[in-house]
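# Structure at a glance
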Amino acid sequence: EAAVTQSPRNKVAVTGGKVTLSCNQTNNHNNMYWYRQDTGHGLRLIHYSYGAGSTEKGDIPDGYKASRPSQENFSLILELATPSQTSVYFCASGARLGGEDTQYFGPGTRLLVL
Amino acid sequence: QQNVQQSPESLIVPEGARTSLNCTFSDSASQYFWWYRQHSGKAPKALMSIFSNGEKEEGRFTIHLNKASLHFSLHIRDSQPSDSALYLCAVDTGNYKYVFGAGTRLKVIA
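Residues numbered from 1 in each chain as written. Chains lettered and ligands numbered in written order. Predicted model: local features only at pLDDT ≥ 70, side-chain atom pairs only at ≥ 80, totals over all residues. Heavy atoms only, no water.

### A word on the overall build of chain B
Helix and strand content of chain B: zero helices and eleven strands. Across chain B, helices and strands are ordered from the amino to the carboxyl terminus as β-β-β-β-β-β-β-β-β-β-β. For a compact globule of 110 residues, the expected C-alpha radius of gyration is about 13 Å, and chain B comes in at 13 Å, within 12% of that figure. Within the span of chain B, comprising 110 residues, buried residues form 45% of the whole. Restricting the contact set of chain B to residue pairs at least 6 apart, pairs at least 24 apart contribute 51%. Counting every atom, chain B has about 5200 Å² of accessible surface; 46% of that belongs to carbon and sulfur. Charge-centre separation for chain B: the mean point of 11 positive side chains lies 6 Å from the mean point of 9 negative side chains. (Helix = DSSP H or I, 4+ residues; strand = E, 2+ residues; numbered from the N terminus. Rg over C-alpha atoms; globule rule 2.2 N^0.38 Å. Buried < 20%, exposed > 50% of the residue type's maximum accessible area, 1.4 Å probe, protein only. Contact = heavy atoms within 4.5 Å. Areas by Shrake-Rupley, 256 points an atom, 1.4 Å probe, with all protein chains shown as cover. Lys, Arg positive; Asp, Glu negative; His and termini not counted. Charge placed at Lys NZ, Arg CZ, Asp CG, Glu CD.)

Written as structure tokens, this is what we have:
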């Protein structure tokens, strides 16, 4: 079973502060993704990466940066956190192998910005 | 921009019933279609996928895809209380990216 871990699992931050969410995968997948999940919106793509050193903007990148220093690690950075960024954040890894293109999700990070 | 809509928003069915969940999309060039299931407080987990028009069955679950009508669906036969979850459909937009629907919340009552 593919393994994706996230840290921290819960985070309380203050408005204007810097927040870093970390993700690690042991699947050796090239692709990694950051989503946020809010009631009524499903999963929305923030940033994604095709491999170490690459980051791409997703559908809602404003206010977020991403970093992919290695195959295993993908971070999401909120330089100046705002209350509107209160959400549950999921990291995922994926690869298209043999026609299958499954994404494997981490357990999520619940972020509250006060 | 791919637009993915799910219906209904929520559904309550008795144990043993057949359940149908729907997903519509806007880009006819999409090639990969997925259903994910998310139990309360857990991560989404891939359930089933389909890549060509028609039907695919795995156990109690069946996917139908009709690209011409921009529609695919998930059918659950003999629904169980353990099937209670949020069901998310996902459609590819190219370059290994997906757009997810807002989800259908299913509750199966024993």
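Here the narrative resumes.
### Focus on the state of the cysteines
Residue and element names in this part refer to chain A. Scanning the model with the defined rule gives two disulfides over all chains in all. One disulfide bridge connects Cys23 with Cys91, the sulfur atoms lying 1.9 Å from each other. One disulfide, between Cys23 and Cys91, carries an S-S torsion of -80° and so falls in the left-handed class. Here Cys91 lies in strand β9 (residues 87-94) and Cys23 lies in strand β3 (residues 19-25), a separation of 68 residues in the sequence. (Disulfide = S-S within 2.5 Å.)

### Things to note about unusual backbone geometry
In this structure, Pro8 of chain A follows Ser7 of chain A across a cis peptide bond, with omega equal to -5°. Mapped onto the secondary structure, Pro8 of chain A falls in the loop between β1 (4-7) and β2 (10-13). Cis geometry is found at the peptide bond from Ser7 of chain B to Pro8 of chain B, where omega equals -10°. Assignment of secondary structure puts Pro8 of chain B in the loop between β1 (5-7) and β2 (10-14).

### Notes on the environment of Pro81 of chain B
Residue and element names in this part refer to chain B. Tracing the chain through its elements places Pro81 in the loop between β8 (71-76) and β9 (85-94). Put simply, Pro81 and Gly16 are 65 residues apart on the chain and 9.2 Å apart in space, counted from C-alpha to C-alpha. Aside from chain neighbours lying at most four places away, what touches Pro81 is Glu15, Val108 and Ala110.

### What to know about the sheet that holds β3 of chain A
Strand-to-strand pairing in sheets goes through backbone hydrogen bonds, with the strands running parallel or antiparallel. All names here are of chain A. Across the sheet, four strands lie side by side as β1-β3-β8-β7; this open sheet has antiparallel pairing. Lying at the two open borders of the sheet, with one neighbouring strand each, are β1 and β7 (65-67). When strand polarity is set aside, the average angle formed by the axes of neighbouring strands in this sheet is 20°. (Pairing = 2+ DSSP bridges. Axes fitted to C-alpha atoms, helices over the stretch in contact; angles between N-to-C directions.)

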